[in-house]
Amino acid sequence: MTAAVAIEGLEVVFDRFRALKGVSLEVREGESYGLVGESGSGKSTLLRAITGLAPVASGTIIVNGKTLGKTRDKAFYRDVQMVFQDPYGSLHPRQTVDRLLQEPLAIHGIADGEKRIERALDEVGLGKGFRFRYAHQLSGGQRQRVAIARALILEPSILLLDEPTSALDASVQAEVLNLLEEVRRRHKLTFLMVSHDLAIITHMCERLMVMQNGEAVETLTASQLIGHRVSEDYTRNLLRASEGFVRTA
Amino acid sequence: MSAETIQSRREWLLSDRPASRLQARLGRAYVAWRRFSANRLALVGMLIIIALVLVAALADVLAPYSATVGDLKNARLLPPSAAHWFGTDDLGRDIYSRIVYGARWTLYVVILVAIIAAPIGLLVGTVAGYAGGWTDTILMRITDIFLAFPKLVLALAFVAALGPGIENAVLAIAITSWPPYARIARAETLTVRNSDYIKAVQLMGASPFRIVLRHIMPLCISSLIIRVTLDMAGIILTAAGLGFLGLGAQPPLPEWGAMIASGRRFILDQWWVAAAPGAAILIVSLGFNLLGDGLRDALDPRSGDQ
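Keep in mind the model is a prediction, meaning the values are calculated, not measured.

What counts, and where the lines are drawn
- Residues numbered from 1 in each chain as written.
- Chains lettered and ligands numbered in written order.
- Predicted model: local features only at pLDDT ≥ 70, side-chain atom pairs only at ≥ 80, totals over all residues.
- Heavy atoms only, no water.
- Helix = DSSP H or I, 4+ residues; strand = E, 2+ residues; numbered from the N terminus.
- Buried < 20%, exposed > 50% of the residue type's maximum accessible area, 1.4 Å probe, protein only.
- Contact = heavy atoms within 4.5 Å.
- Areas by Shrake-Rupley, 256 points an atom, 1.4 Å probe, with all protein chains shown as cover.
- Lys, Arg positive; Asp, Glu negative; His and termini not counted.
- Charge placed at Lys NZ, Arg CZ, Asp CG, Glu CD.
- Rg over C-alpha atoms; globule rule 2.2 N^0.38 Å.
- Phe/Tyr/Trp six-rings, centres within 6.5 Å; stacked < 30°, edge-to-face > 60°.
- Lys NZ or Arg CZ within 6 Å of the ring centre and 35° of its normal.
- Pairing = 2+ DSSP bridges.
- Right-handed = clockwise from strand over helix to strand, strands pointing away.
- Buried area = accessible area lost by both parts, 1.4 Å probe.
- Salt bridge = Lys/Arg side-chain N within 4 Å of Asp/Glu carboxyl O.
- Polar contact = N/O pair within 3.5 Å; in protein donor to acceptor, adjacent residues only side chain to side chain.
- Nonpolar A, V, L, I, M, F, W, Y, C, P; charged D, E, K, R; others polar.
- 1 Å grid on protein atoms, 1.4 Å probe; cavity = no way out; pocket = protein on both sides within 12 Å on 5 of 7 lines; lining within 4 Å.
- Points joined across faces, edges and corners; volume = space filled by probe spheres on them.
- Patch = residues over 30% accessible without salt bridge, like charges linked within 9 Å, V, L, I, M, F, W, Y side chains within 5 Å.
- Domains from an automatic or database assignment.

Peer 1: Help me understand the overall build of chain B, please; the structure alone is not making it clear to me.
Peer 2: Within chain B one finds twelve helices and zero strands. Counted from the first residue to the last, chain B has its helices and strands arranged as α-α-α-α-α-α-α-α-α-α-α-α. The principal-axis extent of the C-alpha atoms belonging to chain B is close to 75 × 60 × 25 Å. Looking at the 306 residues of chain B, the share that counts as buried comes to 48%. In chain B, 70% of the contacts between residues at least 6 apart in sequence involve partners at least 24 apart. Accessible area for chain B stands at about 14,900 Å²; split by element, carbon and sulfur atoms hold 68% of it. Counting 27 positive and 20 negative side-chain charges, chain B places the centres of these two groups 6 Å from one another.

As structure tokens, then:
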């Protein structure tokens, strides 16, 4: 199998702060790959570096066989799309769902807009009734569905997910995760998913990388994580923390 | 229209699942209108402005006498009476007719200044705010230079350079009134440029031009409309000031500021010559201020999620 995303020695520096210190990883085509770590470990920065939102100091990023330079062209954005963490902040407050979904089609000059918008809304489980609503008329889960529809409308092959469910409550979280699973299967997408929730990562991903302080700690498969067959202390701590608070009295 | 159809129309407008683009847009406008019309004073302001527009449009019908040709022999400096509601001036012209025609010039100045200054300010501010770096520094320093001059003095200098006349007064006022709009637009842009919804559009591959024009400007426009409306009173007063100094409208144009200027020679004995246009300026300025306050309540993005 070929690599959808291959990263080699990636460094990201913000004003002398090294957010990523030479991280390498390889995501195979059609795979769902997780990035786990505490806040500030650099996992979101890694996604932003791929999309060009974070300044890359050194290292190479190869997406679908193409090495990325300083800028990204339009073709790149048709291949790679991203879903943001906060559904309350990622939708334009003055645009209807219709306008939001039309924008990527207009930018890329895609003709069959009407059909695509209807299909995209159906796909994420929002009917026609939602098409002309504003973001403030939607719940958190509905907003995240719109964000997913927007990411899918360009029919990308790689979807970057930045904690897509952490701002949602538990029942809605499950719905959105199932939706993501479903679209991945249907479109044979490659996922690169960031989360601090080990349960979500083990549920969604086949392989994962544990990160700390901008460095990779170790790479595991989901079954290794479930079986607690880990080699680093940091991962062990993370696992213990994920089991939750245990009353010792 | 029966009460029932009104009720169903309101429901259609307020529906939380609109079925078309038009319905969504109208619904939004209706919500803004309801918030605006809840403010009585704002409605009064709007009525004053509508009255001003009507008077300007119907000046030919409303004015009983010519605005520029008076009766020098029989009608100089007459006090208010049934024949001349606001009296006559030193050239025997009916002041009421001059005020009615003057409404046209007031509107002309206000509208021209607004459509010249607001877009310049919006463009400079959003580009500076979104681009950042050197572009921002250069654009904002230019803005600062313009802000450092007193408005009327700078307008005077421009009129002096361009020559007196109402068109040049409009240009001079427009040139001096865009900097605050640029400041506002830049401040608004800075608050949204790093938001996820702008990032999301960047990730669609949108050009910076498109992002500024279609995603950032719409967010700046409501605070700009509010500010421009509140500034209208100032624009009228600056135009009147230029007219008063003899650098704005030239005789025999019935511009309100110029009318006060010509009335100041008889202000003690024939007070109505200056008082009538003064009252007209006062009422219209008040109208714009009330309207601006109402618009702030209805459009301000910080008051509610609309």
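Peer 1: Would you mind showing me how to read the overall build of chain A here?
Peer 2: Looking only at helices and strands, chain A has nine helices and ten strands in total. The C-alpha atoms of chain A give 18 Å as radius of gyration, which agrees with the globular expectation for 249 residues (18 Å, within 12%). The principal-axis extent of the C-alpha atoms belonging to chain A is close to 55 × 50 × 40 Å. Split into buried and exposed, the 249 residues of chain A put 53% on the buried side. The contacts of chain A with a sequence gap of at least 6 include a subset with a gap of at least 24, amounting to 67%. If the 31 positive side-chain charges of chain A are averaged to one point and the 31 negative ones to another, these points end up 3 Å apart.

Peer 1: What am I meant to see in the packing of aromatic side chains here?
Peer 2: In this description, an aromatic ring pair is defined by two values, namely the gap between the centres and the angle between the planes. Applying the stated criterion across every chain yields a total of seven aromatic pairs over all chains. Here Trp105(B) and Tyr108(B) contribute two aromatic rings whose centre-to-centre distance is 5.4 Å and whose plane-to-plane angle is 75°, an arrangement assigned as edge-to-face. With Trp105(B) and Tyr108(B) both in helix H5 (residues 95–131), this residue pair falls three residues apart, about one helical turn. Its relative accessible area of 30% is what places Tyr108(B) among the partly exposed residues. Considering the side-chain rings of Phe146(B) and Trp178(B), the 5.3 Å spacing of their centres and the 55° angle between planes classify their relative orientation as tilted. Placement of the pair is Phe146(B) in helix H6 (residues 133–148) and Trp178(B) in helix H8 (residues 166–192), with a sequence separation of 32 residues. Among the aromatic residues, those joined into a ring-pair cluster are Trp85(B), Phe86(B) and Tyr96(B). Above the plane of the ring of Phe76(A) lies Arg72(A), whose end atom (NZ or CZ) is 5.5 Å from the centre. Geometry around Phe191(A) places Arg184(A) over its ring, the cationic atom sitting 5.8 Å from the centre.

Peer 1: What am I meant to see in the pairing of strand E8 (residues 190–195) of chain A here?
Peer 2: A regular strand carries its side chains on alternate faces of the sheet. Residue and element names in this part refer to chain A. The buried count for E8 comes to six of six residues, which makes it a mostly enclosed element. Burial of the side chains of E8 extends over both faces: Thr190, Leu192 and Val194 are buried on one face and Phe191, Met193 and Ser195 on the other. The pairing of strand E3 (residues 32–37) with E8 spans five bridges and is classified as parallel. Among the inter-strand pairings, Tyr33 is bridged to a residue of E8, identified as Leu192. Where strand E7 (residues 158–162) and E8 come together, five bridges link them in parallel fashion. Following the sheet pairing, Asp162 is matched in E8 by Val194. Chirality of the crossover, the property in question, places the unit of E7, helix H6 (residues 170–187) and E8 among those that are right-handed.

Peer 1: How should I be thinking about the interface of chain B and chain A in this particular structure?
Peer 2: Interfaces are often sized by the accessible area lost when the parts come together. With 30 residues of chain B in contact, the opposing surface of chain A contributes 36 residues. Of the roughly 2,900 Å² buried at the junction of chain B and chain A (both faces included), carbon and sulfur atoms supply 54%. Counting the contacts that link chain B with chain A gives four salt bridges. For the salt bridge of Arg21(B) with Glu114(A), the shortest nitrogen-to-oxygen distance reads 3.6 Å. At the junction of chain B with chain A, the criterion picks out eight residue pairs in polar contact (both at pLDDT 80 or more). Looking at the side of chain B that touches chain A, the elements that each hand over two or more residues are helix H2 (21–37), helix H9 (196–202) and helix H10 (208–244) of chain B. Classifying every residue of the side of chain B that touches chain A gives 13 nonpolar, seven polar and ten charged.

Peer 1: What is the right way to read empty space enclosed by the protein from this model?
Peer 2: Leftover empty space is mapped by rolling, across the atoms, a probe with the size of a water molecule. Residue and element names in this part refer to chain A. Enumeration according to the criterion identifies five cavities of 30 Å³ or more in this entry. Approximately 80 Å³ is the volume found for the largest cavity. Around the largest cavity sit Arg116, Arg119, Ala120, Glu123, Leu152, Ile153, Glu155 and His187, which together line it. Counting residues per element, the lining of the largest cavity draws most heavily on helix H4 (residues 113–123), at four residues. Residue composition of the lining of the largest cavity, by class: three nonpolar, one polar and four charged. Empty space within the second largest cavity amounts to approximately 60 Å³.

Peer 1: Where do I start with the pairing of strand E9 (residues 207–212) of chain A in this structure?
Peer 2: Residue and element names in this part refer to chain A. Within E9, five of the six residues are buried, which leaves it mostly tucked inside the rest of the structure. Across five bridges, E3 lies against E9 in parallel orientation. By the bridge assignment, Val36 is partnered in E9 with Val210. Where E9 and strand E10 (residues 215–221) come together, six bridges link them in antiparallel fashion. Among the inter-strand pairings, Gln212 is bridged to a residue of E10, identified as Glu215.

Peer 1: Is there a simple way to explain a nonpolar patch on the surface in this structure?
Peer 2: Residues and elements named next belong to chain B. A cluster of nonpolar side chains, namely Leu47, Ile50, Leu54, Leu58, Val61 and Leu62, defines an oily patch on the protein surface of about 560 Å² accessible area. Elements that contribute at least two residues to the nonpolar patch include exactly helix H3 (40–57) and helix H4 (59–62). The element that contributes the greatest number of residues to the nonpolar patch is H3, accounting for three residues. In this structure, Leu54 sits in helix H3. Accessibility expressed as a relative area gives 46% for Leu54, which makes it partly exposed.

Peer 1: Would you explain the domain arrangement of chain B in this entry?
Peer 2: Residues and elements named next belong to chain B. The assigned domain composition of chain B is domain 1 (1–38) and domain 2 (41–299). Using C-alpha coordinates to define each centre, domain 1 is positioned 33 Å away from domain 2. Roughly 540 Å² is buried in total at the junction of domain 1 and domain 2, and carbon and sulfur atoms are behind 76% of that figure. In this assembly, domain 1 and domain 2 are joined by zero salt bridges. Inspection of the region where domain 1 meets domain 2 yields zero residue pairs in polar contact (both at pLDDT 80 or more). In the side of domain 1 that touches domain 2, the residues fall into three nonpolar, one polar and one charged.

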